[in-house]
Structures are given as C-alpha cells and as structure tokens.
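Here is what each chain is made of, one letter per residue.
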Amino acid sequence: PPVADSDAASTPGALPGAARAQCPYCGVGCGLELKPGDPAPEPDVGPASWSVRGDRQHPSSLGQ
C-alpha cells in the first residue's frame, strides 16, 4: 500500500496532496504519485477514485 509522504506536495512537479509509492510489478521500483479523486457520496468511505502517474522526481524512471 502507498505510504503518504508529507513532502510530496512540496516536491517540484508533484501533484498537490499526492502520496508517493513504488510500483510493485517488475521489481525495478519505479516511483508513483497517487492523488485522491472526488469524495465518495458517503463521507466515511474515503475517496471515490484515485489518479496515478509516474513520479517525475524518482531516480529509477523519472516518471516514465
């Protein structure tokens, strides 16, 4: 699961309020930025959707 990083929003090029994580698939460990989407209809459920993009500041893939 992603781990929230309070510095993600202050990183140049980072999405505001984004959490940073690593891709679990091939083992390279590319960086990802995850951002909560619109709120769910029920407040206790959490965000209804998330957006994901490559972390442009991560050294292994530079967001690619």
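Higher on the page you've got the structure.
Please read all numbers here as calculations on a predicted model, not as lab measurements. Within every chain, residues take consecutive numbers counted from 1 along the sequence as written. In keeping with the predicted nature of the model, local features appear solely for residues at pLDDT of at least 70, side-chain atom pairs appear and are counted solely at 80 or more, and the whole-chain, interface and lining totals rest on all residues. In computing side-chain properties, one takes all heavy atoms of the structure into account and sets aside hydrogens as well as water.

Peer 1: Is there a simple way to explain the pattern of salt bridges in this structure?
Peer 2: Side-chain pairs of opposite charge can arise where the charged atoms are in close proximity. A carboxyl oxygen of Asp or Glu within 4 Å of a side-chain nitrogen of Lys or Arg is what we treat as a salt bridge. This structure, assessed with the given rule, holds two salt bridges. Salt-bridge contacts for Glu33 lead to Arg53; the nearest nitrogen and oxygen are separated by 3.1 Å. Placement of the pair is Glu33 in strand S2 (residues 31-36) and Arg53 in strand S3 (residues 50-54), with a sequence separation of 20 residues. Residue burial is assigned from relative accessible area. The probe radius is 1.4 Å, only protein chains are included, and a residue is buried under 20% of its type maximum, exposed over 50%, and partly exposed in between. Overall, the relative accessible area of 1% leaves Glu33 in the buried class. Starting at the N terminus, helices and strands are each numbered in turn, a helix being any DSSP run of H or I of at least four residues and a strand any DSSP run of E of at least two.

Peer 1: What is the right way to look at the sheet that holds strand S1 (residues 19-22) in this model?
Peer 2: Pairing between the strands of a sheet is mediated by backbone hydrogen bonds and can be parallel or antiparallel. Any two strands between which DSSP finds at least two bridges are classified as paired. Strand order in the open sheet made by the three strands is S1-S2-S3, with antiparallel pairing throughout. Unpaired on one side and paired on the other, S1 and S3 mark the two borders of the sheet. Across the sheet, the mean angle from the axis of one strand to that of its neighbour is 30°, orientation sign disregarded. Here five bridges tie S2 to S3, and the two strands are oriented antiparallel to one another. Looking at S3, one finds that Lys35 is bridged to Ser51. Here an axis means a line fitted to C-alpha atoms, over the contact stretch when the element is a helix, while the angle between two N-to-C directions is reported on a 0 to 180 degree scale.

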